[in-house]
Amino acid sequence: MTRFLASVGRTVLSALAMVGSVALFALETVSHLLRPPFYWREFWQALIQIGWLSLPVVGLTAFFTGGALALQIFAGGSRYGAEAVVPSIVAIGMVRELGPVLGGLMVAARVASSIAAEIGTMKVTEQIDALVTLSTNPMKYLTLPRVLAATLAVPVLVAVGDSVGIFGGYLVGVNRLGFNGAVYLKNTVDFLEQWDVVSGLFKGAAFGFIVATMGCYHGMNSGRGAQGVGRATKSAVVSASVLIFAANYILTELFFAA
Amino acid sequence: MIELRDIHKTFGSNHVLRGVNLTVPKGSSMVIIGGSGTGKSVTLKCILGLVTPDQGQIFVSGQNVEDVSRDPFLARFGMLFQGAALFDSLPVWQNVAFRLMRGALKRPKAEAREIAIEKLRRVGLKPEVADKFPAELSGGMQKRVGLARAIAADPEIIFFDEPTTGLDPIMSGVINDLIREIVTEMGATALTITHDMTSVRAIADNVAMLHDGVVKWTGPVNDMDTSGDPYVDQFIHGRAEGPIAAVR
Ligand SMILES: Nc1ncnc2c1ncn2[C@@H]1O[C@H](COP(=O)(O)OP(=O)(O)OP(=O)(O)O)[C@@H](O)[C@H]1O
Ligand SMILES: [Mg+2]
C-alpha cells in the first residue's frame, strides 16, 4: 500500500516538475524576444517551414472536413426540418472549433515532430554544445525563431483553413444537397460574426505557440542516441496534441461561456 | 593559464571524474591521453561550462569560471568537438565563419567568407569545399572543417578533441604542424585530447594521463618515455598487459 502511494506520489511529483520546467522554458523563450540579438534569417526560414509548407495539409484537411460537416448537419437538421441551417452551422463550426483545432493538430503532426527531431539530433551530435561555444544562445537561435514563427503563422493557416473548409461545405451544399449557391453564401456571411472568426484566430496563435514550444522543449531535452531523438519526437507530438485539446477547452470557456 | 582543482563529475552511477587536478600554463600545449571512456571529453566540457562539475573549481587566467560573464569568456575559446559537431543546415564556409557572421566579432559577409576559405586551406581543404554541406563530406573532411571553425576567430585558448582521428598519416602531419604553429606563432594555449602517440610527440609541451578519474601522471613530453609510471608505459607502448585493464 505504502509502495503504491509512493509510486503515485512520485508520478505526480515528476509530472509537476515537468509542467514547471515546460513553463520556465516557455517563459525563457518569450523573454529572449526582449533581448537582442534577434536572428531574422532563422525566423524567415521557420516561417516558410511552418507556415508556407503546412498550407497543403491544412487546406486539404479543412476542405474534406467542411464537406463532411455539411453532409452531417444536413442529415441531422432534416430530422427537424431544419436543413436551412447548414451554411451557418458549417461556418460557425469551422471558424470557432474545427478550423483552429484541426489546423493545430495537423501542424502538431508536421511541425512539432520535425522541430523535435531536428533539435534533438543537434543535441545528440553536440551541435547545441557547439552553438554555446560559438557564443550563440541556443534558445535565441533555435527556439525563439520557431516559436515566434509558429505563433504568427498558425492563425494565418487557420484563416486559410476556415475559408477552404467553408468552401468545401459550399461545394457539397450546392452540388449534393441542392442548395442555391447565392443563398448558401448569403446565409454563411449573414450568420457569421466577427468574434467567431477572431476567436478562432486567437486559438490558432495559442496552438502555434504550443506546437513549437513542445517541439523545441522535447528536442532540447532529448536523450542520447537515435533512441533519445525518437522518444523526443514522439513526446513532442503527443504532448502538443493533448495540450491543444486542453487549451482549446479553456479558451472556449474564456471566449464563449456566458 | 587554466587550472582545475579537484574536479568531480558523476553521471547516474558512473563516477567519471574523481578529483582531477591539472594546470595548463599560458601559451603552452598540453595533451591529455588516457583510455577510452575515462572522461577526457567530459573534462574539456567542464572547463567550457557545457557540463557542470559536481565538485571542485576551475580557473582561467586566475578567474573562477563560475564568476565570469559567459559571452566574453566563451569568445576567448575555440573548440573542436570529437564528432566535429558541424551545423548541417549551413554550408561549410558558414560553419567556419559562424562566429564572424554574428555577435561581437561580426564582419561583412565577403570578408567572413574569405577568412573561412583561408582557414579551410590551412586544414588542407580546397576552396570548392566551402559551398558544400557537411553531410556531403567524408568523416575526416568534417573533422578538418570543425578544426577550421575552432581556429576561425583566432582564439587565445583552443581545445582539440581528437583532431587527427580518422585522418590519413599525411593529413595528420599537416594538422599536427598546424596546432604547433598556432601555439608557437600565435601564442595560443592549446589543450588537446589524442590517442595518437605520434601526435602527442609532435604537439605536446606537456602531457597528462587520465585514468580512473584522476590525472595519474603529468610532466613534460620529453619525460614521458622515462616516467617510470607503469600506467604511462603501458599506454604509450600500447601493451595489452599492465595495470590498465583491457576490459573497461
Ligand atoms: N552527457 C552524458 N550523460 C551521461 N554519461 C555521459 C555523458 N557524457 C559522458 N558520459 C559518460 O562519461 C564517461 C566518459 O566520457 P568521455 O566522453 O569523457 O570519454 P573519453 O575519455 O572522451 O573517451 P573517448 O576517448 O572514447 O572519447 C563515459 O562513460 C560516458 O558514457
Ligand atoms: Mg572523448
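Treat the numbers as computed from the prediction; the structure is a model and nothing was measured.

Participant: I would appreciate a short explanation of the packing of aromatic side chains in the present structure.
Facilitator: Pairs of aromatic rings are described using the distance from one ring centre to the other and the angle between the two planes. A full pass over the atoms with the stated rule returns 22 aromatic pairs over all chains. Taking the centre distance of 5.4 Å and the plane angle of 85° together, the rings of F25 of chain A and Y217 of chain A count as edge-to-face. Taken as a pair, F25 of chain A in helix α1 (residues 2-31) and Y217 of chain A in helix α8 (residues 194-220) lie far apart in primary sequence, 192 residues in all. Seen in terms of ring centroids, F77 of chain B and F159 of chain B are 5.4 Å apart; in terms of plane orientation they differ by 65°. Their pairing is edge-to-face.

Participant: Even after reading the chapter, I still don't get the UniProt feature "transmembrane region" (unreviewed entry) in chain A, so can you show me in this structure?
Facilitator: Residue and element names in this part refer to chain A. UniProt records the feature "transmembrane region" (unreviewed entry) at residues 12-34, 46-71, 147-172, 201-220 and 232-251, using the numbering of this structure. Along residues 147-172 one finds 100% helix and 0% strand; the C-alpha atoms at either end are 37 Å apart. Secondary structure content for residues 232-251 is 100% helix and 0% strand, and the end C-alpha separation is 27 Å.

Participant: Sorry, what's going on with the site of ligand 1 here?
Facilitator: By nearness alone, 15 residues border ligand 1, and S36, G37, K40, S41 and Q82 of chain B come closest of all. Around ligand 1 the close residues trace back to chains A and B. Here T38 of chain B contributes a backbone N or O atom positioned 3.2 Å from an oxygen atom of ligand 1. Contact with the protein chains removes 71% of the 640 Å² of surface that ligand 1 exposes when unbound. Listing elements by their share of the shell around ligand 1, those giving two or more residues are β2 (14-24) and α1 (40-48) of chain B. For the shell around ligand 1, the element with the most residues is α1 of chain B, which contributes 3 residues. Of the residues contributing to the shell around ligand 1, the split by class is 3 nonpolar, 9 polar and 3 charged.

Participant: Is there a simple way to think about unusual backbone geometry in this case?
Facilitator: A negative phi holds for most residues other than glycine; trans holds for most peptide bonds. Of the consecutive residues P36 of chain A and P37 of chain A, the connecting peptide bond is found in the cis state with omega at 0°. Residue position: P37 of chain A is located in the loop between α1 and α2 (40-50). A positive phi angle, close to 45°, is found at D154 of chain B, a residue other than glycine. Inspection of the secondary structure puts D154 of chain B in the loop between α5 (139-151) and β7 (157-161). D154 of chain B gets classed as partly exposed once you look at its relative accessible area, which sits at 45%. Phi is positive for D212 of chain B, close to 55°, though the residue is something other than glycine. Counting through the fold element by element, D212 of chain B comes out in the loop between β9 (206-211) and β10 (214-220).

Participant: Which parts of the structure should I look at to understand the coordination of the magnesium ion (ligand 2)?
Facilitator: A four-donor tetrahedral metal ideally has 109.5 degree angles, and a six-donor octahedral metal ideally has angles of 90 or 180 degrees. All names here are of chain B. Only S41 (OG) and Q82 (OE1) from the protein reach the magnesium ion (ligand 2) as donors, at distances of 2.0 to 2.2 Å. On the criterion of sequence distance, the pair formed by S41 in helix α1 and Q82 in the loop between β6 (77-80) and α3 (92-96) is long-range, its members being 41 residues apart. Using a relative accessible area of 37% as the deciding quantity, one classes Q82 as partly exposed.

Participant: Mind showing me how you'd approach the environment of I157 of chain B here?
Facilitator: Residues and elements named next belong to chain B. Topologically, I157 is positioned in strand β7. With relative accessibility at 5%, the residue I157 sits in the buried group. Expressed as a C-alpha distance, the spacing of I157 and G219, which sit 62 residues apart in the sequence, is 20 Å. If near-sequence neighbours (up to four positions away) are discounted, I157 is found in contact with I2, V60, R76, F77, G78 and T189.

Participant: What is the right way to read the sheet that holds strand β8 (residues 189-193) of chain B from this model?
Facilitator: Strand pairing in a sheet relies on backbone hydrogen bonds. The paired strands run either parallel or antiparallel. Residues and elements named next belong to chain B. If you trace the 6 strands from one edge of the open sheet to the other, you get β6-β7-β8-β3-β9-β10, paired in mixed fashion. Among the strands making up the open sheet, the edge pair consists of β6 and β10. Ignoring strand direction, the axes of neighbouring strands in this sheet form an average angle of 15°. Bridge count for β9 against β10 is 6 bridges, and the pairing is antiparallel. Across the sheet, the residue bridging to A208 is T218, located in β10.

Participant: Just checking my understanding: could you explain helix α4 (residues 109-122) of chain B for this structure?
Facilitator: Residues separated by three or four positions in an α-helix point in the same direction, a consequence of the helix having 3.6 residues per turn. Helix length check: α4 of chain B, at 14 residues, gives a terminal C-alpha distance of 20 Å against a target of 20 Å (1.5 Å per residue), a fit within 8%. Contacts made by the buried residues of α4 of chain B are with α3, α5 and α6 (169-186) of chain B.

Participant: It is not clear to me how the nonpolar core should be interpreted in this structure. Could you clarify?
Facilitator: As a rule of thumb, nonpolar side chains are buried together in soluble globular proteins. Residue and element names in this part refer to chain B. Core analysis: the biggest nonpolar cluster contains 80 residues, and I47 and F159 have the highest contact counts within it. Sequence-distant contacts of I47, defined by excluding residues within four places in its chain, comprise I2, L4, I58, V60, V65, F73, F77, F159 and L191. With 50 residues, the next largest nonpolar core counts L120, V129, A204 and F235 among its residues.

Participant: What exactly am I supposed to notice about the interface of chain B and chain A here?
Facilitator: Put simply, an interface is often sized by how much accessible area is lost when its parts join up. Contact residues are listed per partner, giving 20 residues for chain B and 16 residues for chain A. Between chain B and chain A, roughly 1600 Å² of surface is buried when both sides are summed, and carbon and sulfur atoms account for 58% of that area. Where chain B touches chain A, the interface holds 1 salt bridge. Here E126 of chain A ties to K45 of chain B by a salt bridge, and the two come within 2.5 Å at their closest N and O atoms. Where the side of chain B that touches chain A is concerned, the elements lending two or more residues are α1 and α2 (70-75) of chain B. Counting residues per element, the side of chain B that touches chain A draws most heavily on α2 of chain B, at 3 residues. Here the residues of the side of chain B that touches chain A are counted per class, giving 11 nonpolar, 3 polar and 6 charged.

Cut-off values and rules
Residues numbered from 1 in each chain as written. Chains lettered and ligands numbered in written order. Predicted model: local features only at pLDDT ≥ 70, side-chain atom pairs only at ≥ 80, totals over all residues. Heavy atoms only, no water. Phe/Tyr/Trp six-rings, centres within 6.5 Å; stacked < 30°, edge-to-face > 60°. Helix = DSSP H or I, 4+ residues; strand = E, 2+ residues; numbered from the N terminus. UniProt positions renumbered as here; feature names shortened; annotations may be inferred. Near = heavy atom within 4 Å. Polar contact = N/O pair within 3.5 Å; in protein donor to acceptor, adjacent residues only side chain to side chain. Areas by Shrake-Rupley, 256 points an atom, 1.4 Å probe, with all protein chains shown as cover. Nonpolar A, V, L, I, M, F, W, Y, C, P; charged D, E, K, R; others polar. Buried < 20%, exposed > 50% of the residue type's maximum accessible area, 1.4 Å probe, protein only. Donors = N, O, S within 2.8 Å, 3.2 Å for Na, K, Ca; no water. Contact = heavy atoms within 4.5 Å. Pairing = 2+ DSSP bridges. Axes fitted to C-alpha atoms, helices over the stretch in contact; angles between N-to-C directions. Expected span 1.5 Å × (residues − 1). Core = buried A, V, L, I, M, F, W, Y, C linked by side-chain atoms within 4.5 Å. Buried area = accessible area lost by both parts, 1.4 Å probe. Salt bridge = Lys/Arg side-chain N within 4 Å of Asp/Glu carboxyl O.

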